[in-house]
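Summary of structural features
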Amino acid sequence: MEIRLLDVAQQELDEAIEYYNDRSPGPGDQFLLESLVPFERIKKFQKAWHPYTENTRRCQTHRFPYGAIYQILESEVLIVGVANLHKRPGYWSDRIRQDK
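Now for a look at the structure at hand. Numbers given for residues are sequential positions, taken from 1 along each chain in its written order. A pLDDT threshold of at least 70 governs which residues receive local features in this predicted model, and a stricter bar of 80 or more applies before side-chain atom pairs are shown or counted, although totals over entire chains, interfaces and linings include all residues. Note: side-chain values were computed over all heavy atoms of the structure, leaving out hydrogens and water.

Digging into the sheet that holds strand β2 (residues 57-60)
Worth spelling out the cut-off: At least two DSSP bridges between two strands are needed for those strands to be called paired. Numbering of helices and strands starts at the N terminus; helices are DSSP runs of H or I of at least 4 residues and strands are runs of E of at least 2. Helix axes are fitted to C-alpha atoms over the stretch in contact, other axes to C-alpha atoms as well, and angles between N-to-C directions run from 0 to 180 degrees. In this description, contact between two residues means that some pair of their heavy atoms is separated by no more than 4.5 Å.
The sheet built from four strands is open, its strands ordered β1-β4-β3-β2 with mixed pairing. The outermost strands of the open sheet, each flanked by one partner alone, are β1 (2-5) and β2. Ignoring strand direction, the axes of neighbouring strands in this sheet form an average angle of 35°. Of the pairings in the sheet, the one linking β2 to strand β3 (residues 66-72) comprises four bridges and is antiparallel in character. Residue pairing across strands places Arg58 opposite Ile69, the latter belonging to β3. The sheet contacts of helix α1 (residues 7-23) involve β1, β3 and β4 (76-84), and relative to β4 the element is tilted by about 40°.

Focus on α1
Keep this limit in mind: A helix is expected to span 1.5 Å for every residue after the first.
Here α1 contains 17 residues, and its C-alpha end-to-end distance of 25 Å stays within 8% of the 24 Å for a straight helix at 1.5 Å per residue. Residues of α1 that are buried in the fold lie against β1, α2 (27-44), β3 and β4.

So, the environment of Ala16
For clarity, the threshold we go by: Partly exposed residues are those whose accessible area sits between 20% and 50% of the maximum for their type, while under 20% is buried and over 50% is exposed, using a 1.4 Å probe and protein chains only.
One can find Ala16 in helix α1. Using a relative accessible area of 3% as the deciding quantity, one classes Ala16 as buried. Distance in space between the C-alpha atoms of Ala16 and Ala83 is 9.2 Å, their sequence separation being 67 residues. Discounting chain neighbours no more than four positions away, the residues touching Ala16 are Phe31 and Tyr66.

Some details on α2
Our working definition: Throughout, the arc means the angular range of directions from the helix axis out to the C-beta atoms.
For α2, with 18 residues, the first-to-last C-alpha span of 27 Å sits near the 26 Å given by 1.5 Å per residue. The complete set of buried residues in α2 reads Pro27, Gly28, Phe31, Glu34, Ser35, Pro38, Phe39 and Ile42. Along the axis of α2, the buried residues cluster in a sector spanning 150°; they form a single face. Residues Leu33 and Lys44 are exposed on α2 and point more than 90 degrees away from its buried face. Where the residues of α2 are buried, they touch β1, α1, β2, β3 and β4.

Here it is in structure tokens:
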């Protein structure tokens, strides 16, 4: 099953990488590599993580306070947010598809 990021989720990923790169050289690249791990885990085991809300699940990174918020749809896994889990919980909730 393919993984697709909403444009806004891709923007969140890009902004997080930029944030870490602005702090010092290296952490942004480490964050990028770490953020790809949940995508691969989700691709292999879509239902391995407990539901986060009625229609979403969350797979966290290990070293950074981020998680991929996703929905399992018929033909793809949709990443609706690459969320900093320490800020504004649930801010992405208006992005989820209800037509499951």
